[in-house]
Amino acid sequence: MELNINGKSVQADADPDMPLLWVLRDVLNMTGTKFGCGVAACGACTVRVDGQAVRSCVTPVTAVAGKQIQTIESLGTADQPHALQAAWIAEQVPQCGYCQSGMLMAAAALLEKIPKPTDADIDQAMTNICRCGTYQRVRAAIHRAAGAAA
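Everything numeric in this text was worked out from a predicted model, so none of it was measured.

Turning our eyes to something else, we now look at the overall build of the chain. Broken down by element type, the chain carries five helices and five strands. Scanning the chain from its N terminus toward the C terminus, one meets helices and strands in the order β-β-α-β-β-β-α-α-α-α. The C-alpha atoms of the chain give 15 Å as radius of gyration, which agrees with the globular expectation for 150 residues (15 Å, within 12%). Seen through its principal axes, the chain has C-alpha atoms that stretch 40 × 30 × 25 Å. Taking all 150 residues of the chain together, the buried fraction comes to 41%. Residue pairs in contact within the chain that sit at least 24 positions apart in sequence constitute 57% of those at least 6 positions apart. Approximately 7,600 Å² of the chain is accessible, and the part contributed by carbon and sulfur atoms is 51%. Here the chain holds 12 positive side-chain charges and 13 negative ones, and the gap between their average locations is 8 Å.

What counts and what doesn't
- Residues numbered from 1 in each chain as written.
- Predicted model: local features only at pLDDT ≥ 70, side-chain atom pairs only at ≥ 80, totals over all residues.
- Heavy atoms only, no water.
- Helix = DSSP H or I, 4+ residues; strand = E, 2+ residues; numbered from the N terminus.
- Rg over C-alpha atoms; globule rule 2.2 N^0.38 Å.
- Buried < 20%, exposed > 50% of the residue type's maximum accessible area, 1.4 Å probe, protein only.
- Contact = heavy atoms within 4.5 Å.
- Areas by Shrake-Rupley, 256 points an atom, 1.4 Å probe, with all protein chains shown as cover.
- Lys, Arg positive; Asp, Glu negative; His and termini not counted.
- Charge placed at Lys NZ, Arg CZ, Asp CG, Glu CD.

Here is the structure:
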């Protein structure tokens, strides 16, 4: 099966019903996307598909064939971090860090849709679960990134 991941055409030899998460992690060895709950509740597995935040643990790979898939690996680099990654560091968002790739992908989808989100916009869009409880820092980092992009 041919997939478009992070702007590149990739061949994946996978069962059509396999969740995208496992295609990314086990077939393509792209381990930035994390497994959390397996039922689309926590958001650790969030990627972007055609710009929308999608829980990859319950999305069959066939549902994303022909679409643009973006994983955390393409968000930014150490030399050129995405505005969200820089804001995450500045606001000291990560603690354990496990949920962060999914949080960042959900936040990127939000800022693409709403470049200057309100607190209510952030609360509605950011449904990812953080066991460390850094929700206030996440909100501050999203506002910081939105300001940097303006």
